[in-house]
Amino acid sequence: MPASDTVLMVIDVQIDFLPGGPLAVKDGDAVIAPINKMMPRFSNIIAAQDWHPADHFSFAANHPGKSPFDVVESSYGPQTLWPVHAVQGTPGADFHPDLDLSRAELVVRKGFRRDIDSYSAFYENDRTTPTGLAGYLRERGFKRVVITGLATDYCVGFSTLDAAKLGFETHLALDACWGIDIDGSIGKMLDQMAALGVTITNSEAV
Ligand code: VGL
Ligand code: ZN
């Protein structure tokens with residue numbers, strides 16, 4: 001049983017990232033069963049939800065002549081363009097109905113500013129605008145985070161790196177995550193996690 005100063009983080013398990021969605025992570029629905037199985041063991045659960053306005057900068061459709069997965073310059077450096085996804089208030093932005101978030105005590109929404117994307121649940125992609133999650137976790141006295149969800153190489157990955165950099169003892173439950181994998185991005189992300197001392201584990205072990 002994880003200690004009470006541990007929080008389970010469930011990242012972006014939303015309809016648009018699951019098979020059939022516009023930014024589907026292949027086999028992404030495979031994360032739902034292990035996450036549901038983990039939840040009863042945790043006293044504290046929080047979720048992150050990608051939550052973009054329809055005119056969001058990260059959507060290729062908002063850049064004439066550009067296609068999804070092109071990279072453009074932004075005020076904060078290179079930004080990958082995505083298919084339209086997780087638009088505020090649309091069914092595709094909802095959590096998957098099979099995911100049992102009934103005990104989640106906080107939902108952090110991110111990416112709601114038109115001009116900044118946000119992969120991490122802690123900081124937006126300019127790497128300086130905080131979501132408030134670090135303050136929340138500290139004020140609640142949490143010391144340890146266990147991270148699950150989508151996508152291993154983007155929102156899960158950047159959330160994990162930030163958690164470790166912020167000084168939380170950080171664990172990634174690898175079988176409860178699934179990635180997009182653009183040009184080896186999953187492997188690169190796991191290497192960065194290892195370099196920061198993240199414990200790569202699995203859903204049964206934590
Ligand atoms: C994500 C790309 C764009 C994710 C969100 O949840 O990993 N990836 N928006
Ligand atoms: Zn997004």
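Now for a look at the structure at hand.

Criteria and thresholds
- Residues numbered from 1 in each chain as written.
- Chains lettered and ligands numbered in written order.
- Predicted model: local features only at pLDDT ≥ 70, side-chain atom pairs only at ≥ 80, totals over all residues.
- Heavy atoms only, no water.
- Helix = DSSP H or I, 4+ residues; strand = E, 2+ residues; numbered from the N terminus.
- Buried < 20%, exposed > 50% of the residue type's maximum accessible area, 1.4 Å probe, protein only.
- Contact = heavy atoms within 4.5 Å.
- Polar contact = N/O pair within 3.5 Å; in protein donor to acceptor, adjacent residues only side chain to side chain.
- Donors = N, O, S within 2.8 Å, 3.2 Å for Na, K, Ca; no water.
- Tetrahedral: all angles 85-135°; square planar, octahedral: opposite > 155°, others 65-115°.

## Description of the environment of Glu204
So, point 1. Along the polypeptide, Glu204 turns up in the segment after strand E8 (199-201).
So, point 2. Its relative accessible area of 54% is what places Glu204 among the exposed residues.
So, point 3. Taking C-alpha positions, Glu204 is 8.2 Å from Pro34, a pair spaced 170 residues apart along the chain.
So, point 4. Excluding anything up to four places from it in sequence, Glu204 contacts Lys37 and Arg41.
So, point 5. There is a polar contact of 3.1 Å between the side chain of Glu204 and the side chain of Lys37.

## Some remarks on the coordination of the zinc ion (ligand 2)
So, point 1. Coordination of the zinc ion (ligand 2) by the protein is provided by Asp50 (OD), His52 (NE2) and His85 (NE2), with metal-donor distances spanning 2.0 to 2.2 Å.
So, point 2. Here the zinc ion (ligand 2) binds 4 donor atoms, and the angle range of 87 to 170° at the metal identifies the geometry as irregular.
So, point 3. Along the chain, the residues donating to the zinc ion (ligand 2) are arranged with the sequence spacing D-x1-H-x32-H. Neither Asp50 nor His52 differs from the other in exposure class; each is buried.

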